[in-house]
Amino acid sequence: MTKRLTETTAQMDCAIGSRIRSIRLLRGMSQMALAERLGITFQQVQKYEKGTNRVAASTLVIISGALQVSPMELLGLEADAGENTAFAELTHRYRDLELRVARARRALGSDDIAPETSVTIGVEIDKAGRMQPLVGSPPN
């Protein structure tokens, strides 16, 4: 039995909303800041991100401009080859964090880390809605 159109579109709405949220967080932008750029309430942004409300095509284009990505990226379609996608930026940030960890290990004189030793790399969202890198040892 095939899925009904309403089930499929609901899944797409959630996926688009999830990409809006991910890219917004990657940009270090709060829901309030995005809402102000769009001229809507932060509650409306929240509904878009959760997939509760469907994003109109015209609104998607405006959101993509505010987030500095292509509309195709918000739709989950491949962006132009020459374009710097949010995923590429996230990959760059991850590599930057790895480099910082390596430098910190060298500075601490622990260049020869045992294989069982690990370092936790994560991201925290500060009160302003910006992503801040977290680097530390795992809990014992």
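Higher on the page you've got the structure.
Procedures and definitions
- Residues numbered from 1 in each chain as written.
- Predicted model: local features only at pLDDT ≥ 70, side-chain atom pairs only at ≥ 80, totals over all residues.
- Heavy atoms only, no water.
- Salt bridge = Lys/Arg side-chain N within 4 Å of Asp/Glu carboxyl O.
- Helix = DSSP H or I, 4+ residues; strand = E, 2+ residues; numbered from the N terminus.
- Buried < 20%, exposed > 50% of the residue type's maximum accessible area, 1.4 Å probe, protein only.
- Axes fitted to C-alpha atoms, helices over the stretch in contact; angles between N-to-C directions.
- Parallel < 35°, antiparallel > 145°, perpendicular 65-115°, else oblique.
- Left-handed = near helix turned anticlockwise from the far one by under 90°.
- Contact = heavy atoms within 4.5 Å.
- Nonpolar A, V, L, I, M, F, W, Y, C, P; charged D, E, K, R; others polar.
- Patch = residues over 30% accessible without salt bridge, like charges linked within 9 Å, V, L, I, M, F, W, Y side chains within 5 Å.
- Areas by Shrake-Rupley, 256 points an atom, 1.4 Å probe, with all protein chains shown as cover.
- Arc of directions from axis to C-beta.
- Core = buried A, V, L, I, M, F, W, Y, C linked by side-chain atoms within 4.5 Å.

Chemist: Got a minute to help me understand the pattern of salt bridges in this structure?
Modeler: Proximity of charged atoms lets side chains of opposite charge pair with each other. Following the criterion strictly, the structure yields three salt bridges and no others. The salt bridge partner of D13 is R54, with a shortest N-O separation of 2.9 Å. Here R54 lies in the loop between helix 3 (42-50) and helix 4 (57-67) and D13 lies in helix 1 (residues 5-26), a separation of 41 residues in the sequence. Given a relative accessible area of 13%, D13 falls into the buried group. R21 serves as the salt-bridge partner of E49, at 3.9 Å between the closest nitrogen and oxygen.

Chemist: Looking at this structure, I do not really get unusual backbone geometry. What am I missing?
Modeler: Most peptide bonds take the trans configuration, and most residues that are not glycine carry a negative phi. Despite not being glycine, Q68 has its phi angle at roughly 60 degrees, a positive value. With respect to the secondary-structure elements, Q68 resides in the loop between helix 4 and helix 5 (71-74). For Q68, a relative accessible area of 61% gives the class exposed.

Chemist: When you look at the packing of helix 1 against helix 4 in this model, what are you seeing that I'm missing?
Modeler: Pairs of packed helices are described in terms of their axes, by the angle between the two and the distance that separates them. Remark: helix 1 packs on helix 4, axes separated minimally by 10 Å, with the N-to-C direction vectors making an angle of 20 degrees. Relative to helix 4, the element helix 1 is oriented roughly parallel. Note on packing geometry: the crossing formed by helix 1 with helix 4 is left-handed. Across from I16, I20, I23 and R24 in helix 1, the residues of helix 4 making contact are L60, I63 and L67. A class-by-class count of the residues in the contact of helix 1 with helix 4 yields six nonpolar, no polar and one charged.

Chemist: It is not clear to me how a nonpolar patch on the surface should be interpreted in this structure. Could you clarify?
Modeler: Together, M72, L75 and L77 make up a nonpolar patch on the protein surface, roughly 250 Å² of accessible area in all. With respect to the element layout, L77 can be found in the loop between helix 5 and helix 6 (86-107). Among the residues examined, L77 registers a relative accessible area of 45% and is labelled partly exposed.

Chemist: Got a minute to help me understand helix 2 (residues 31-38) in this structure?
Modeler: Along an α-helix, residues three or four positions apart point the same way, because every turn accommodates 3.6 residues. Buried within helix 2 are the following residues: Q31, L34, A35 and L38. For helix 2, the arc enclosing every buried residue in end-on projection is 100 degrees, short of the 170-degree limit, so these residues lie on one face. Summarising the geometry of helix 2, the exposed residues directed more than 90 degrees from the buried face are E36 and R37. In this structure, the buried residues of helix 2 make contact with helix 1, helix 3 and helix 4. Looking at the residues trailing helix 2, positive phi occurs at G39, about 75 degrees.

Chemist: Looking at this structure, I do not really get the nonpolar core. What am I missing?
Modeler: For soluble globular proteins, nonpolar side chains are generally found buried alongside one another. Counting 16 residues, the largest nonpolar core has I20, L34, L38, V55, I63, L67 and L74 as its most contacted members. Among the secondary structure elements, those contributing two or more residues to this core are helix 1, helix 2, helix 3 and helix 4. Looking at this core element by element, the count peaks at four residues for helix 4.

Worth remembering: the numbers are spatial, not functional.
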